[in-house]
Amino acid sequence: MELNRRSLLAAIGAGTAAALTGCGTGTGTSAAGSADGPAEGEITLLTPIYEGAKGKKLLEGDILGGFRKKYPDVKVNVDYTTYDQLNEKITTGLAGGLLPDVLMMGVGWIPPFAAKGAIAELPEKLAEAHDYEKRVLEPSRHDGKLYALPVVLDTRIVVYRKDHFAEAGIRKTPANWSELRAVAKQLTTKGRVGFDPFSINLRQCWETFLFANGGQLFSADGRKPLFTDARGVESLQFFKDLVADGSADYARKTDTGAPSNVQTGQGSMMMTTSALWVQVKEQNPELIEQDKLGSFVLANRRPAMLQGGTLVSQSASSRHPAAARALVQYLATPESILGAAQQRGSVPGLRDLSDTPYVKENQFVDLSLNNLQHAVSEGGTAAWMEIREKIVPTLEPAIVGGQSAKDAIAELGRLAEAAIGRM
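So, how was this worked out
Residues numbered from 1 in each chain as written. Predicted model: local features only at pLDDT ≥ 70, side-chain atom pairs only at ≥ 80, totals over all residues. Heavy atoms only, no water. Helix = DSSP H or I, 4+ residues; strand = E, 2+ residues; numbered from the N terminus. Rg over C-alpha atoms; globule rule 2.2 N^0.38 Å. Buried < 20%, exposed > 50% of the residue type's maximum accessible area, 1.4 Å probe, protein only. Contact = heavy atoms within 4.5 Å. Lys, Arg positive; Asp, Glu negative; His and termini not counted. Charge placed at Lys NZ, Arg CZ, Asp CG, Glu CD. Salt bridge = Lys/Arg side-chain N within 4 Å of Asp/Glu carboxyl O. Phe/Tyr/Trp six-rings, centres within 6.5 Å; stacked < 30°, edge-to-face > 60°. Axes fitted to C-alpha atoms, helices over the stretch in contact; angles between N-to-C directions. Parallel < 35°, antiparallel > 145°, perpendicular 65-115°, else oblique. Nonpolar A, V, L, I, M, F, W, Y, C, P; charged D, E, K, R; others polar. Left-handed = near helix turned anticlockwise from the far one by under 90°. Pairing = 2+ DSSP bridges. Core = buried A, V, L, I, M, F, W, Y, C linked by side-chain atoms within 4.5 Å.

Draft legend 1. Summary view of the overall build of the chain. The helix and strand inventory of the chain stands at 19 helices and 10 strands. Against the compact-globule benchmark of 22 Å for 423 residues, the chain has a radius of gyration of 22 Å, which places it among compact chains. Expressed along its principal axes, the backbone C-alpha trace of the chain runs to roughly 65 × 45 × 35 Å. When each of the 423 residues of the chain is scored for burial, the buried share is 56%. Pairs at least 24 apart in sequence give 76% of the contacts found in the chain among residues at least 6 apart. In the chain, which carries 46 positive and 48 negative side-chain charges, the distance between the mean positions of the two groups comes to 3 Å.

Next up, the structure:
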């Protein structure tokens, strides 16, 4: 699999323009310029969200049902995938000149695919169509130009058991890492870890700690890794310290969708996403009914909340750019965004939706919306798609093995520099 991905990346790096020309549809500029015509034709949407039967009904029945009424001359075919398969699917399509007309992708993905000419620049007026939080639109840009619109956000926050805090006499949430480590120790008992940072993706967790420690991933131009300084090392070392204390255990992380350690009472605090609220409502509603869950934004040198999510973009090689543009705009309307957010337990990045019953009922979403000024996104370099896959296998040995945090970060820095050098 790795060899196949590497060969695809090499093919794209050597011949992106040729691949796009091979579609017979022109460049991103011409596609964007021709999007002013009538919205008509048959197009394909590639999406990693709207999962399961409920998600499919929401998208194909409710959202696309409304789109069909507004654009009766457009037929939309949906290609469902997962985030684990999305990068390779887009990369394969780009190499073969067969990209879907509309692509949904993750935060951090826009610079790599914009740099490859895969997606079309969007009119700046679309950024002003709704009341976006300014921070929300930053991951949609590359070199100052707009290439995507946000659909849903997925933030990384700390959720804790209020009852565990009360039993231990802890009256406030930790304001920095020193307090977090002390509280985690205090809450750890036989059969229970005080803090579970590992049940979300290690890449996302380490990034959140890096940002809270005042660190950055890359320079503003995306050409230099900045996470190799002391703040990046300290962020990884903190995990090792928690494990050494016995208040965190990498082996006790839970799988996505399974009851979390906080739900089962086997953990007092955990790094998680706003989506946990929906999971708890389905699996342990009593925790919400009895007000046993609280949440806070991680902080050390600064408060920081990782902002992930899903963006929607227009292929630069669409044969029906007007139809593709219309679907991009429709998927980013408040109505479409709210439906997607409710289904996933995600955060809608529009001020228009901040007072909706959904936001007010989901306390983790409400916390996230009220702290978007502290949100930071991953990515920031055109080489991100290669680098992101290296982070977990490079950092994991420092947690589960004997490698030092300094050596692991240094190795990740070398890999990042090599990836950037190949761009």
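Moving on from the model shown.
Draft legend 2. Seen up close, the environment of Gly117. Among the structural elements, Gly117 can be located in the loop between α5 (110-115) and α6 (134-137). For Gly117, a relative accessible area of 22% gives the class partly exposed. Taking C-alpha positions, Gly117 is 9.2 Å from Leu94, a pair spaced 23 residues apart along the chain.

Draft legend 3. Examining the pattern of salt bridges more closely. Scanning the entire structure with this criterion turns up 22 salt bridges. Asp245 is the salt-bridge partner of Lys185, the closest N and O atoms lying 3.9 Å from each other. Linking Lys185 in helix α8 (residues 177-187) with Asp245 in helix α10 (residues 230-245), this pair joins segments that are 60 residues apart in sequence. The exposure class of Asp245 is partly exposed, given its relative accessible area of 27%.

Draft legend 4. Spatial organisation of the packing of aromatic side chains. Tallied over the entire structure, the rule returns 17 aromatic pairs. Ring geometry for Trp206 and Phe227: centres 5.7 Å apart, planes at 85°, overall edge-to-face. On the criterion of sequence distance, the pair formed by Trp206 in helix α9 (residues 202-212) and Phe227 in the loop between α9 and α10 is long-range, its members being 21 residues apart. Comparing Trp206 with Phe227 shows no difference in burial state: the two are buried. These aromatic residues form a ring-pair network of at least three members: Trp177, Phe195, Phe198, Phe209, Phe238, Phe239 and Tyr250.

Draft legend 5. Geometry of the environment of Gln329. With respect to the element layout, Gln329 can be found in helix α14 (residues 321-331). Through-space distance from the C-alpha of Gln329 to that of Leu122 is 10.0 Å; in sequence the pair is 207 residues apart. Contacts of Gln329, omitting those with residues within four sequence positions, involve Leu126 and Leu149.

Draft legend 6. Quick look at unusual backbone geometry. Of note, the phi angle at Asp143 is positive, near 55°, even though the residue is not glycine. Turning to its location among the elements, Asp143 is positioned in the loop between β4 (141-142) and β5 (145-146). Phi at Asp291 is positive, roughly 55°, even though this residue is not glycine. On the secondary structure map, Asp291 appears in the loop between α13 (285-289) and β8 (293-296). In this structure Asp291 comes out as partly exposed when scored by relative accessible area, which is 40%.

Draft legend 7. Layout of the packing of α9 against helix α18 (residues 384-400). Direction vectors running N to C along α9 and α18 enclose 85°, while the axes themselves pass 9 Å from each other. Taken together, the axes of α9 and α18 lie roughly perpendicular to each other. Note on element contacts: α18 touches α9 through Trp384, Arg388, Ile391, Val392, Leu395, Glu396 and Ile399, opposite Leu202, Arg203, Trp206 and Glu207. For the contact of α9 with α18, the class distribution of residues is seven nonpolar, no polar and four charged.

Draft legend 8. The arrangement of the side chain of Thr208 in detail. Mapped onto the elements of the fold, Thr208 is located in helix α9. Discounting chain neighbours no more than four positions away, the residues touching Thr208 are Arg156, Met271, Leu298, Ala304 and Leu306.

Draft legend 9. Region of interest: the packing of α8 against α10. Where α8 meets α10, the closest approach of the two axes is 10 Å, and the angle between their N-to-C directions is 20°. By the angle between their directions, the pair α8 and α10 is classed as roughly parallel. Crossing of α8 over α10 shows right-handed handedness. Seen from α8, the contacting residues are Trp177, Leu180, Arg181, Ala184 and Lys185; seen from α10, they are Glu234, Ser235, Phe238, Asp241, Leu242 and Asp245. For the contact of α8 with α10, a count of residues per class yields five nonpolar, one polar and five charged.

Draft legend 10. Here's a closer look at the pairing of β8. Burial along β8 is two-sided: the face carrying Leu293 and Ser295 and the face carrying Gly294 and Phe296 are both buried. Pairing geometry for strand β6 (residues 148-161) and β8, over four bridges, is antiparallel. Looking across to β8, one finds that Arg161 is bridged to Leu293.

Draft legend 11. Structural view of the nonpolar core. Formed by 68 residues in total, the largest nonpolar core has its most connected members in Trp206, Phe209, Leu236 and Met269. Beyond its immediate chain neighbours, meaning those up to four positions away, Trp206 contacts Leu217, Phe227, Gly232, Ser235, Leu236, Phe239, Ile391, Leu395, Ile409 and Leu412. Residues Leu59, Ile63, Tyr132 and Val262 belong to the second largest nonpolar core, which totals 60 residues.

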